[in-house]
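Summary of the model geometry
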Amino acid sequence: MSATRTPPAAKKLARVDGMLKVRGEAKYTDDIKLPDMLYGAVLRSPYPHARIVSIDVKEAAALPGIVRIITSKDITQGRFGRSIWDIPVLAEEKALFVGDRVAAVAATSPDIAQEALTLIEVEYEPLPAVFDAREALSEDAPILHNAPWAYRGAVTSDTDHPNLQSRVRLQNDGNVYQELARSKYVFTDTFTTATRHQGYLEPHSCIARVTDNEVEIWAPNKAPYRLRQQLAVWLRMEQTQVHIHPVYIGGDFGGKGSPMEIPLTIALAQATGHPVKLRMSYAEDLMAADPRHAASVTVRLGLDEEGRFMALDVDAVMNGGAYGGFKPMADVNLIGIPEAGSAYRIPTISIQNTIAYTNTVPRGHARAPGSVQMHFAVESLIDMAARELQIDPLELRERNMLRDGELSPLGDHYLEVRSGVTLEAAKKLLADTPLPPVPKGEWVRGVGYTFYQRPTHGGVTEIGLEPTTAGQVIVHVPFPDQGGGQLTLGRNILSRLLSLPPENIVVRQAETNELKMDTGCGGSRVTVTASEALHQGGKELLSVLNENFGLRDPYTVEELKASLSRFAAAWDGNWLRVSHNATNIEHVCSYNVTIARVRVDRGTGQIVVEDILSAFDVANIINPTSHYLQLEGGIIFGYGEAVLEDLEIQEGRVTHASLGEYKIPSIEDIPRVYMALVEGGRGVGQENVKAAGELSNVAIPAAIGNAVADAVGVRVRSLPITAEKVYFALRDGRDA
Amino acid sequence: MMPQRIQLHVNGEPVSAEIETGEMLIDFLREDLQLTGTKEACSIGICGLCTVLMNGKTISSCLMPAAFADGAHIFTPEGLQAVMDRDSSPEGAPDPTLWRVVQESFVQCEGLQCGICTPGQVMSAVGLLRENPHPTEDEIRHFMAGNLCRCTGYQSIIRSIQLAAERWGGMHATL
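So, here's what we can say about the structure. These figures come from a predicted structure and were not determined experimentally. Numbers given to residues run from 1 along each chain, matching the order in which its sequence is written. As they are written, the chains are lettered A onward and the ligands numbered 1 onward, keeping that order. Residues qualify for local features only when their pLDDT is at least 70, as the model is predicted, and side-chain atom pairs are given and counted only at 80 or more; totals for whole chains, interfaces and linings, by contrast, use all residues. Side-chain measures were taken over the full set of non-hydrogen atoms in the model, leaving aside hydrogen atoms and water.

1. A short note on the overall build of chain B
Stated precisely, the cut-off is as follows: A helix here means a DSSP run of H or I that spans at least four residues, while a strand means a run of E at least two residues long, and both kinds are numbered starting from the N terminus. We take the radius of gyration over the C-alpha atoms and set the globule estimate at 2.2 Å times the residue count to the 0.38 power. Only protein chains enter the accessibility calculation, which uses a 1.4 Å probe; a residue is then buried when its area is under 20% of its type maximum, exposed when over 50%, and partly exposed in between. A contact between two residues is defined here by any heavy atoms of the two lying within 4.5 Å.
Looking only at helices and strands, one finds 6 helices and 5 strands in chain B. What you see in chain B, going N to C, is helices and strands ordered as β-β-α-β-β-β-α-α-α-α-α. For 175 residues, the compact-globule estimate of 2.2 N^0.38 gives 16 Å, and chain B sits close to it at 16 Å. Seen along its three principal axes, the alpha-carbon backbone of chain B occupies a region of about 50 × 40 × 25 Å. Within chain B, the fraction of its 175 residues that count as buried is 59%. Taking all contacts inside chain B whose residues are at least 6 apart in sequence as the whole, residues at least 24 apart take part in 55%.

As structure tokens, then:
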């Protein structure tokens, strides 16, 4: 175990893309200009629900510099989506949210395209709208989609409420109602989480070029091979006719797996015969992309007389917005739902999540989708139970903690559950990190604890290795690096396996026609999936060099480079390819214990998060600095969700449509972060790894909420946890 | 729209160009000069991605009309190489050694992940260390508050600037 306060500065193992990025040389989508390229812009609905009676484009089309204006009549491919195909490229009969695409223009300059939007006349007939997910599922709610069960990929039927996007129910053998009835103590409450934007600083953008036989895309998409597959089906083309070109991605956090305006950009390129760039402004991205599902989560927890958990019932309703097509999972639901209560031993459990259509911005994936909503609710309720039963909240958690060898509540048997060592690491971190005295005034300090357990998800990938005559190795990988350090991963593994200094290894993101398939950078899966392929590739390369190119153990760097050079000279042009299917991997989970310390001003409700201490069970680490920073950055990502971020929607309109109003943490806002990385144990594959990206942010909101409750006795049941909520609760002597 | 001619220095090179009325400096740099190292997100002067040095001071190029840059000395994230290639430092240029130290420190401490905010962070850090070669952590936080970063959580950006200050200070001590 290593308790680290400052990560080592990377020397030889610094990120492969670092110098390019500090010099401004890394090319992002908006940095690319193609010959004869036109600029697109989108006319968006000002109404949350309205029939489109007519669209008059005559005046706009006459504007010099306007090449083409398209409406739904010009779209021939129908709707699209990642799993359910319910998103029209341009609104057909109705607009379903403020920001829905109604018409699009292509012009010779961005300014002309914007000006044309003001000249398009649309006659709308406003319709009654519904904004809340529970209301949307009531009997007389306005209906968004006429027959949503008929969409390709739909998971509902004509007997369901038409505003139902999806519902998942998970339970184990027991009967949760009976077990709750038999419990000595039962606690219940409802918690809500806000719509929050991923906050990537590069808004969605796309360049499309269409010829008779091919479609080319430049876009910040983190799963290019899946995008290619989705677009090929939608375009009725072969996958080999669709090319997703590598570009740098300016932040993801779950949002850059969605095709967003790529289909519309293709439609504009088809209609004009020119390459088209369509860049969303940041305001457009805030109002009309795919932020996190807002949730209302009702939790019931039953305990016996000794404070042992008997039964947990979780019933969540989430706001899916106007379309479900940005969710990638086949169940049109969220991957984190089964995690509710999974850090504990709970004999009987039932979890349900219902996602509803509403006349608001479509929701999609944000870092740890579903996990954050579930964790905040369950961990808050556990804390309330502890305080009510006058058991120390840490002690109650420890008493019920899932331990090695035990099944998770839903019956998952993990290779190992490293809860004990992780908890010890967190306790040590706490003991080793004294706080300064509380400042004068009405400040009260509080400590909040949370436990979290997350399974590691796998995927498929393929990599290619190529020797060069200079004795170097080029590693071709199918995935982009959206910041997580995936390209550096390839260099570090190969460098270690081959004993080849890192400067001799070049990692390159391949074009989509160069490798077979890859699941993309989602679900914190790249290290898990790619490390094994890279490991196998390194081993195979060594054996090829051994057998055919005179490499003998033990070898020097010069001997290795000479052998690589001989291989390159004899090389037939085919990469040494390794495919790896990690969909059926060892059942591995990571444990996390997070502690937040806050001080709250009794007079104003102001909350200062003094520090966040977190212990992570991580197995083997490949990129030490990047790994550390993935966790550290994730904690601050969670901190923003906990105390600042609320993409407020009033009457269906995102009112915080600028970074002036939608506050993400700045360097002046952040608390101190201390982490303990619990290495070792059993991870996935020969590199023995565990996922990190989404292990970091999930626990922060509940930890801070629990700390505020510890400080001033106020339970804030809704995110974000703000001074206003605490102030009014203190004033009125109630919870918030 | 009336075109207007401006004359200025960008990364030490004289530039004379026609601009549109109301054209912002960021569009002049990115579109007219193809200097795409300067990035854009919020377009309202909050995120800091578009930070450049104008007459030695950090500014948000998305808020600066290009016309106001007439006669100015502008340095963009790409500018270090151009400055280093010259025999003498152009007017208004940061010390190329400082600039390089800041770049290398950001790489070593990984004060970056996705990299979209990084050119702006580097320009601000250079601007900070020019004015204040030995900033305290609070001074770093205060000066850098106009540069948002979603990936890193900022701690590594603070460490990058501290390392740069330490090295830069060390270089002066040995002079």
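2. Thoughts on the pattern of salt bridges
Heads up, the rule is: Any Lys or Arg side-chain nitrogen found within 4 Å of a carboxyl oxygen on Asp or Glu counts as a salt bridge.
Scanning the entire structure with this criterion turns up 56 salt bridges over all chains. The partner of Arg387(A) in a salt bridge is Asp383(A), with the nearest N and O atoms 2.9 Å apart. Here Arg387(A) and its partner Asp383(A) are both found in helix H9 (residues 371–389), 4 residues apart, which amounts to about one turn of the helix. Note on Arg387(A): relative accessible area 29%, which makes it partly exposed. Lys428(A) is the partner of Asp432(A) in a salt bridge, and the nearest nitrogen-oxygen pair spans 2.8 Å. Salt bridges sharing partners connect three or more residues here, namely Asp30(A), Asp31(A), Lys277(A), Arg279(A), Arg30(B) and Lys39(B).

3. Section: the sheet that holds strand E20 (residues 505–509) of chain A
Residue and element names in this part refer to chain A. Under the convention used in this document: Pairing between strands requires that DSSP locate at least two bridges from one strand to the other. Angular values range over 0 to 180 degrees, each being the angle between N-to-C directions of two axes fitted as lines to C-alpha atoms, with helices fitted over their stretch in contact.
Pairing is mixed across the open sheet formed by 4 strands, whose spatial order is E20-E19-E18-E21. The open sheet is flanked by E20 and strand E21 (576–581), the only strands paired with a single partner. For this sheet the average axis-to-axis angle between neighbouring strands, irrespective of direction, equals 20°. Pairing of strand E18 (residues 460–467) with E21, which is carried by 6 bridges, proceeds in the antiparallel orientation. What sits directly across from glutamate 462, in E21, is serine 579. Relative to the sheet, helix H12 (residues 486–498) contacts E18, strand E19 (473–477) and E20, its axis offset from that of E20 by approximately 145°.

4. Here's the deal with helix H3 (residues 96–108) of chain B
Three or four residues apart is the spacing at which side chains of an α-helix point the same way, because the helix has 3.6 residues per turn. Residues and elements named next belong to chain B. The cut-off we apply is this: Expected span of a helix, by definition, is 1.5 Å for each gap between consecutive residues, and there is one gap fewer than residues. Counted as a polar contact is a pair of N or O atoms within 3.5 Å, where, for protein atoms, one must be capable of donating a hydrogen and the other of accepting one, and residues adjacent in sequence contribute only when both atoms are in side chains.
The end-to-end C-alpha separation of H3 is 18 Å, in line with the 18 Å expected for 13 residues at 1.5 Å each. Along H3, the residues that are buried comprise Leu98, Trp99, Val101, Val102, Gln103, Ser105, Phe106, Val107 and Gln108. For H3, the N-terminal capping position is held by aspartate 95, with its side-chain oxygen 2.7 Å away from the main-chain nitrogen of threonine 97. Two residues or fewer past H3, glutamate 110 is found with a positive phi of approximately 50°.

So far we have only geometry, and geometry alone does not tell us how the molecule works.
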